[in-house]
Amino acid sequence: MKSVKIFLFSVIFLSIGSICFSNTSDLLLKAENHIASGNFDTAIEILNTIQFPEGKNEEDTINYVKAKIRIAQIASITKDFSSAQAACRKALNADPQNSEAKELLNSIKRQQSPKYVLFFTDSIRFFPSLLKGAFMTLLLVIVTMGVSPIGGLFIALGRISRFAPVSIICWFIIWFFRGTPLLLQLFFIYYGLPALGITLSPLCAALIGLGVNYSAYLAEIIRAGILSIESGQMEAAKALGMTYSQAMKRIIIPQTYKRLIPPVGNEFIALIKDTALVSTISMVELMRSADRLFNTYFNVNVLILAAVMYLLFTTVFTFIFENLEKRVGIYEKR
Amino acid sequence: MKKDNNILLTLKGITKYFGTHKALDNINLDVKKGEKVVIVGPSGSGKSTLLRAVNLLEKVEKGHIFFEKKEVGYRFKKGKRLLDSPKNISFLRSEIGMVFQHFNLFPHMTALQNVIEAPVTVKKMPKEKAVKIAEEVLAKVGLSDKKDSHPAKLSGGQKQRVAIARALAMEPKLMLFDEPTSALDPELVGEVFNTIKALAEEGMTMIIVTHQMGFAREIADRVIFMENGIFVEQGTPEEFFSSAQKNERISGFISSIL
């Protein structure tokens, strides 16, 4: 009997002790140990024993919230989204300002919603920062489109020139800038020129790199365009007393426009995509913005959104060039 | 040196090589003011090259060109024969109109724009004045109603008439016609010839290269038969066509054309 008494006593003692001495912090610690060793079920059981404190015990409230968050995290890992949400809500009821719980609830909701809804919400979320990058891309494209035909025209005219030194220099420019990767040229301008005492801002380096490279490409297209105009046109202009430059300016070059628009448009579509290369010299444009967001959120939707923006650019410019071609060539219609 | 004040153009010893081929062989020619010279001959005989040498579209190796008694076209530097300065050449060309076999109208411009282009660009004429002249010359070639058409919308004959108007707008002292009807359908030849004839009646000095013997007989003051870069025979149409019967080569050529 004595032993039975001792047993009962010790049971009562222990249970009273467990109620009195094991506070919520200890329980949390215990649960953490189980989580660390992978016993999620046991951990949840222990965490569930932490009740909402009736009194206004601050420490217990904090621990209660922590426990609910932990439950929600475990549940969301095991894809039990309804219990995860419920746990989050309980945590928020106890502490409406808890940012961790808020974020967790949002991320659980995200994981529950369908893919297209996700893409839509992500688009809204990432659009502003991508748009900033897109503006920079547009700036690069438009400035290069403005500068490179002029550069290309002069290189082309130099190449046709009968004055050998000019022709050779222009040949060399085309040979060099068509013969090396644009990426290498950008690296050279941005990282290499400072060694020669010329330091350029990323934007400046990007514009110079794209401008010169595209001038070299366009030069060959423009040269071919000029050579494709029948020699009779130049002769007629000369026979009327025009000088070479007058004939070029008034007669030959205007006739090349229609022939140049398709190949030049092609180059400009390539340019829109080539601007992505300047992200390597720390220019923040569309590609770089997308890359940054992707590396922060590991969210594929960022890349899809960036692709959509590039497609939008190329589509708009394709339409512009098609329209231009129709308008410029109107005189050839019978 | 002849003391004929009526001479507009003189060619002396013009010789031109294409590689080793002698395209023009010591050509001498005087053209009087108001004279109509027609050059005929088989293709490859140097007729077009001669015309092109006159307005310096073709550079010749030897010989002298005098226009209005002044030597033009070439200068000598350290014993080397060079083309004259672009400015002088442009000026000479602005005084000599040329009409091409293939018209060479500027396709991106309307008929009127084609005609006013040179007066405005070369002579720096105010646009309003150029338009006035252009409308006059287009009326002269009978194309007032086509002034706003682009060349693509014109027939061959109309194109050539616009090309004539374009040359006339520069008020040239000499007109060169390089086979002006060779690229035309037969039914369109007449309208171009009539235009040239009307111009001839106004007293324009002309050198015409053509294959049309009937036209040559009708318009020419002098007909020249050219072959292998030399003048084989020349004379008034009457002399030319009667002597042609004696010259086997010319009669052969004429019968091959007719």
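Residues numbered from 1 in each chain as written. Chains lettered and ligands numbered in written order. Predicted model: local features only at pLDDT ≥ 70, side-chain atom pairs only at ≥ 80, totals over all residues. Heavy atoms only, no water.

**Comments concerning the interface of chain B and chain A**
Step number 1: Contacts between the two partners involve 26 residues from chain B and, on the opposite side, 20 residues from chain A.
Step number 2: Between chain B and chain A the total buried area reaches about 2,000 Å² when both faces are included, carbon and sulfur atoms providing 60% of it.
Step number 3: It is B:Phe106, B:His108 and B:Ala152 that lose the most area in chain B upon contact with chain A, and together they represent 26% of the buried surface on that side.
Step number 4: Our count for the contact surface shared by chain B and chain A stands at two salt bridges.
Step number 5: A salt bridge links B:Glu117 to A:Arg250; the nearest nitrogen and oxygen atoms lie 2.7 Å apart.
Step number 6: Inspection of the chain B/chain A interface yields seven residue pairs in polar contact (both at pLDDT 80 or more).
Step number 7: Looking at the side of chain B that touches chain A, the elements with two or more residues in it are helix H2 (86–95), strand S8 (96–99), helix H3 (111–121) and helix H5 (156–168) of chain B. (Contact = heavy atoms within 4.5 Å. Buried area = accessible area lost by both parts, 1.4 Å probe. Salt bridge = Lys/Arg side-chain N within 4 Å of Asp/Glu carboxyl O. Polar contact = N/O pair within 3.5 Å; in protein donor to acceptor, adjacent residues only side chain to side chain. Helix = DSSP H or I, 4+ residues; strand = E, 2+ residues; numbered from the N terminus.)

**Quick word on the sheet that holds strand S1 (residues 7–18) of chain B**
Neighbouring strands of a sheet are bound in pairs by backbone hydrogen bonds; such pairs are parallel or else antiparallel.
Residues and elements named next belong to chain B.
Step number 1: The four strands are arranged S2-S1-S4-S5 in an open sheet whose pairing can be described as antiparallel. In this open sheet, the two strands that pair with only one neighbour each are strand S2 (21–32) and strand S5 (70–72). Neighbour-to-neighbour, the strand axes of the sheet open up by a mean angle of 25°, direction not taken into account.
Step number 2: Pairing geometry for strand S4 (residues 62–67) and S5, over three bridges, is antiparallel. When the sheet's bridge partners are listed, Ile65 is paired in S5 with Val72. (Pairing = 2+ DSSP bridges. Axes fitted to C-alpha atoms, helices over the stretch in contact; angles between N-to-C directions.)

**A look at unusual backbone geometry**
All names here are of chain B.
Step number 1: Residues other than glycine seldom take positive phi values, yet Glu68 does so here, at roughly 50°.
Step number 2: One non-glycine residue, Phe103, adopts positive backbone phi at about 65°.
Step number 3: When you line up the elements, Phe103 lands in the loop between S8 and H3.
Step number 4: Overall, the relative accessible area of 10% leaves Phe103 in the buried class. (Buried < 20%, exposed > 50% of the residue type's maximum accessible area, 1.4 Å probe, protein only.)

**Description of helix H3 (residues 40–48) of chain A**
All names here are of chain A.
Step number 1: Listing the buried residues of H3 in full gives Ala43, Ile46 and Leu47. All buried residues of H3 project into a common sector of 100° when viewed along the axis, lining one side. With respect to the buried face of H3, the exposed residues turned more than 90 degrees away are Asp41 and Glu45.
Step number 2: Contact partners of the buried residues in H3: helix H2 (24–36) and helix H4 (58–77). (Arc of directions from axis to C-beta.)

**Remarks on the domain arrangement of chain A**
Step number 1: Assigned domains of chain A: these are domain 1 (2–112) and domain 2 (116–332).
Step number 2: Here domain 1 of chain A and domain 2 of chain A have C-alpha centroids that lie 62 Å from each other. (Domains from an automatic or database assignment.)

**Regarding the packing of aromatic side chains**
Step number 1: Applying the stated criterion across every chain, the model contains 15 aromatic pairs over all chains.
Step number 2: Ring centres of A:Phe52 and A:Tyr64 lie 5.2 Å apart, and the angle between their planes is 70°; this geometry places the pair in the edge-to-face category. Residue A:Phe52 is found in the loop between H3 and H4, and its partner A:Tyr64 is found in helix H4; the two are separated by twelve residues along the sequence.
Step number 3: Their ring planes at 90° and their centres at 5.2 Å tell us that B:Phe240 and B:Phe241 sit as a pair that is edge-to-face.
Step number 4: By relative accessible area, B:Phe240 is classed as buried at 1%.
Step number 5: One aromatic cluster is present, built from ring pairs that chain together A:Trp171, A:Phe172, A:Trp175, A:Phe176 and A:Phe177.
Step number 6: One Lys or Arg, A:Arg125, reaches over the ring of A:Tyr297 and ends 4.9 Å from the middle of that ring.
Step number 7: Above the face of the B:Tyr74 ring, B:Arg81 is positioned so that its terminal group lies 3.9 Å from the ring centre. (Phe/Tyr/Trp six-rings, centres within 6.5 Å; stacked < 30°, edge-to-face > 60°. Lys NZ or Arg CZ within 6 Å of the ring centre and 35° of its normal.)

**So, a nonpolar patch on the surface**
Step number 1: A surface patch of nonpolar side chains, amounting to about 450 Å² of accessible area, comprises A:Trp171, A:Phe172, A:Trp175 and A:Phe176.
Step number 2: Secondary-structure assignment places A:Phe176 in helix H8 (residues 164–179). (Patch = residues over 30% accessible without salt bridge, like charges linked within 9 Å, V, L, I, M, F, W, Y side chains within 5 Å. Areas by Shrake-Rupley, 256 points an atom, 1.4 Å probe, with all protein chains shown as cover.)

**Some thoughts on a positive patch on the surface**
Step number 1: Taken together, the side chains of B:Lys59, B:Arg75, B:Lys77, B:Lys78 and B:Lys80 make up a positively charged region of the molecular surface.
Step number 2: Summarising the element assignment, B:Lys80 is placed in strand S7 (residues 80–83). (Lys, Arg positive; Asp, Glu negative; His and termini not counted. Charge placed at Lys NZ, Arg CZ, Asp CG, Glu CD.)

**Notes on the sheet that holds strand S9 (residues 174–178) of chain B**
Residues and elements named next belong to chain B.
Step number 1: Taken in spatial order, the six strands line up as S8-S9-S10-S3-S11-S12 in an open sheet, and their pairing is mixed. Bordering the open sheet on either side are S8 and strand S12 (230–235), each of which pairs with just one other strand. Taken over all neighbouring pairs, the strand axes of this sheet differ in orientation by 20° on average, direction set aside.
Step number 2: Sheet topology places strand S11 (residues 222–227) next to S12; five bridges connect them, and they run antiparallel. Directly across from Ile224, in S12, lies its bridge partner Gln234.
Step number 3: Relative to S8, H2 is tilted by about 70°, and along the sheet it contacts S8 and S9.

**Quick look at the packing of helix H12 (residues 244–274) of chain A against helix H14 (residues 300–328) of chain A**
All names here are of chain A.
Step number 1: Relative orientation of the contacting elements H12 and H14 amounts to 175°, with a least axis distance of 9 Å. Here H14 runs roughly antiparallel to H12, going by the angle between their axes. The segment H12 lies against H14, with Tyr257, Lys258, Ile261, Pro262, Gly265, Phe268, Ile269 and Ile272 engaging Tyr310, Phe313, Thr314, Phe317, Thr318, Phe321, Leu324, Glu325 and Val328.
Step number 2: Grouping the constituent residues of the contact of H12 with H14 by class yields twelve nonpolar, three polar and two charged. (Parallel < 35°, antiparallel > 145°, perpendicular 65-115°, else oblique. Nonpolar A, V, L, I, M, F, W, Y, C, P; charged D, E, K, R; others polar.)

**Examining the pattern of salt bridges**
Where charged atoms from two side chains of opposite charge approach closely, those side chains can pair.
Step number 1: Applying the stated criterion across every chain yields a total of 16 salt bridges over all chains.
Step number 2: One salt bridge in this structure joins B:Arg222 and B:Glu35, with 3.1 Å as the shortest N-O distance. With a gap of 187 residues between them, B:Arg222 in strand S11 and B:Glu35 in the loop between S2 and strand S3 (36–40) connect regions that are remote in the sequence.
Step number 3: On the basis of relative accessibility, which here comes to 15%, the residue B:Arg222 falls in the buried class.
Step number 4: On the basis of relative accessible area, B:Glu35 is assigned to the buried category, the value being 9%.
Step number 5: Residue B:Lys173 pairs with B:Glu95 through a salt bridge whose shortest N-O separation is 3.1 Å. Residue B:Lys173 is found in the loop between H5 and S9, and its partner B:Glu95 is found in helix H2; the two are separated by 78 residues along the sequence.
Step number 6: Judged by its relative accessible area of 16%, B:Glu95 is buried.
Step number 7: Residues participating in the shared-partner salt-bridge network are A:Glu235, B:Arg52 and B:Glu58.

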